[in-house]
Amino acid sequence: MEFALISLLNGVSYGLLLFMLSSGLTLVFSMMGILNFAHASFYMLGAYLAYSISTAIGFWPALVLAPMAVGLLGALVERYGLRTVHKYGHIPELLFTFGLSYVIVELVQLVWGRAAVPYVIPAELQGSLFTLYTTTFPIYRGFMLLLASLMLLAVYLVLTRTRIGLLIQAALTHPQMLEALGHNVPRIFMWVFGGGCALAGLAGVIGGNAFVTEPGMAHALGSILFVVVVVGGMGSLSGALLASLLIGILQTFAVALDFSLLQMLAAFGVNVSEATFAYALMKLSISQLAPILPYLLLVLILIFRPKGLLGTREG
């Protein structure tokens, strides 16, 4: 019970961090049809900017200023980059964001170096939030859960309860009608793209010190990010939330299970020797297989439900 509850809490916190990342990418894709390959790079940029700002004036100002800076940069990228290549189709847009991801990585290495930076959890958020049996749950994990939940609530309220949300939804389905009513649809697109990047930057602020802030962090999380988006359903925010939680919990439980198929067969009295077919595969523990489980889930989803768990849109 202790293992299950602690692993569930850790999995949910990691899953909500994934959702914070994937929600911006999903929103941009559903509205603009752009699959932003540089999205994880904005996550990395948020972590590095938060490190520099927190070093100078503290973590709490960094929590606000870093996502704002990343969001502004994202809006400028859309206005002076993506909007220019949009008329040439989706392939140039993909190539543009793909190249941009490498440019951001190189710039980060030029400014902050190739080694990991000492971006630490603030002193007031260190320590134990509560103890469950013999295992402690860190305050910072609880803070991540709270902040991600507030972000989820804020996105839901903005999209469903505000005039800005209505304009965004209208631009998603009827952009020509919205433009005929006098609204600047390209400007809406620009700020939605910037908002998506700001969400990625916010994830970087709270994820950079929870994990490691180094130049490879975008590459490490970027592939998982696209797994989340595809498994949940391209363009579906609710699907992205479901897939994020599913993958977060799946990986968290798998990492902690040091159990193999070989051990299970031995428990049932089945003797397996080194000469047995696939012996090397059977002796692998679940924790060793944990990194490939999201990709295995992706393959299964593409085979049995190509639209994703909650996806409805074609193409």
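One structure accompanies this document, and this report is about it.

About the cut-offs
Residues numbered from 1 in each chain as written. Predicted model: local features only at pLDDT ≥ 70, side-chain atom pairs only at ≥ 80, totals over all residues. Heavy atoms only, no water. Helix = DSSP H or I, 4+ residues; strand = E, 2+ residues; numbered from the N terminus. Rg over C-alpha atoms; globule rule 2.2 N^0.38 Å. Buried < 20%, exposed > 50% of the residue type's maximum accessible area, 1.4 Å probe, protein only. Contact = heavy atoms within 4.5 Å. Areas by Shrake-Rupley, 256 points an atom, 1.4 Å probe, with all protein chains shown as cover. Axes fitted to C-alpha atoms, helices over the stretch in contact; angles between N-to-C directions. Left-handed = near helix turned anticlockwise from the far one by under 90°. Nonpolar A, V, L, I, M, F, W, Y, C, P; charged D, E, K, R; others polar. Parallel < 35°, antiparallel > 145°, perpendicular 65-115°, else oblique. Phe/Tyr/Trp six-rings, centres within 6.5 Å; stacked < 30°, edge-to-face > 60°. Lys NZ or Arg CZ within 6 Å of the ring centre and 35° of its normal. Core = buried A, V, L, I, M, F, W, Y, C linked by side-chain atoms within 4.5 Å. Pairing = 2+ DSSP bridges. Patch = residues over 30% accessible without salt bridge, like charges linked within 9 Å, V, L, I, M, F, W, Y side chains within 5 Å. Salt bridge = Lys/Arg side-chain N within 4 Å of Asp/Glu carboxyl O.

## Brief notes about the overall build of the protein
Each helix and strand in the protein was counted, giving 14 helices and 2 strands. Against the 2.2 N^0.38 benchmark of 20 Å for 315 residues, the protein shows a C-alpha radius of gyration of 21 Å, consistent with a compact globule. In the protein, which comprises 315 residues, the proportion classed as buried is 45%. Considering only contacts in the protein between residues 6 or more positions apart, those separated by 24 or more positions represent 77%. Working note: accessible area of the protein is about 15,900 Å², and carbon and sulfur atoms make up 71% of it.

## Describing the environment of Thr135
As for its position among the elements, Thr135 is in strand 2 (residues 135–138). Considered as a pair, Thr135 and Val299 are 164 residues apart in the sequence and their alpha carbons are 35 Å apart. Discounting residues that sit within four places of it in the chain, Thr135 has contacts with Glu2, Ile6 and Phe130.

## Observations concerning the packing of helix 1 (residues 2–32) against helix 10 (residues 237–255)
Where helix 1 contacts helix 10, the two axes come as close as 6 Å, and the packing angle between them is 145°. Where helix 1 crosses over helix 10, the handedness of that crossing is right-handed. In terms of residue class, the contact of helix 1 with helix 10 is built from 16 nonpolar, 11 polar and no charged.

## Re the packing of helix 1 against helix 9 (residues 217–232)
When two helices pack together, their arrangement is captured by the angle between the axes and the distance separating the axes. At a minimum axis distance of 9 Å, the contact between helix 1 and helix 9 shows a crossing angle of 75°. It follows that helix 1 is roughly perpendicular to helix 9 by the angle criterion. Contacts between helix 1 and helix 9 involve Tyr14, Leu18, Leu21, Ser22, Leu25 and Thr26 from the first element and Leu221, Ile224, Leu225, Phe226, Val228 and Val229 from the second. Residues that form the contact of helix 1 with helix 9 fall into these classes: 10 nonpolar, 2 polar and no charged.

## Some thoughts on the packing of aromatic side chains
Scanning the entire structure with this criterion turns up 10 aromatic pairs. Arranged with centres 5.0 Å apart and planes meeting at 35°, the rings of Tyr48 and Trp112 form a pair that is tilted. Linking Tyr48 in helix 2 (residues 39–57) with Trp112 in helix 4 (residues 90–112), this pair joins segments that are 64 residues apart in sequence. When its relative accessible area of 22% is taken as the criterion, Trp112 is described as partly exposed. Here the aromatic rings of Phe98 and Tyr102 are separated by 5.2 Å at their centres, their planes lie at 65°, and the arrangement is edge-to-face. Here the residue Phe98 and the residue Tyr102 both occupy positions in helix 4, the gap between them amounting to 4 residues, near one helical turn. Linked through ring pairs, Phe37, Phe98, Tyr102 and Phe226 together constitute an aromatic cluster. The aromatic ring of Tyr80 is capped on one face by Arg79, whose charged end is 5.0 Å from the ring centroid.

## Description of the nonpolar core
By size, the foremost hydrophobic cluster in this structure holds 81 residues, and its most contacted members are Phe42 and Ile206. Beyond its immediate stretch of four places on either side in the chain, Phe42 contacts Asn36, Val70, Leu73, Gly74, Val77, Leu100, Ile104, Cys197, Ala200 and Gly201.

## Focus on the pairing of strand 2
Bridge analysis of strand 1 (residues 128–132) against strand 2 gives 4 bridges, and the strand direction is antiparallel. Residue pairing in the sheet places Phe130 in a bridge with Phe137 of strand 2. Hairpin connection between strand 1 and strand 2: a loop of 2 residues separates the two successive antiparallel strands, and Tyr133 in this loop has a positive phi of roughly 60°.

## As for a nonpolar patch on the surface
Where nonpolar side chains cluster on the molecular surface, the patch consists of Phe3, Leu257, Phe259, Leu261, Met264, Phe268 and Val270 and spans about 630 Å² of accessible area. Mapped onto the fold, Leu257 is located in the loop between helix 10 and helix 11 (261–267).

## Remarks on the side chain of Ser22
Within the element layout of this structure, Ser22 appears in helix 1. Residue classification places Ser22 among the buried residues on the basis of a relative accessible area of 0%. Ignoring anything within four residues of it in the chain, the contact list for Ser22 reads Leu225, Val228, Val229, Ala240 and Ser244.

## Side note on the environment of Phe143
Within the secondary structure, Phe143 is located in helix 5 (residues 139–161). As for Phe143 and His39, which are separated by 104 residues in sequence, their C-alpha atoms are 23 Å apart.

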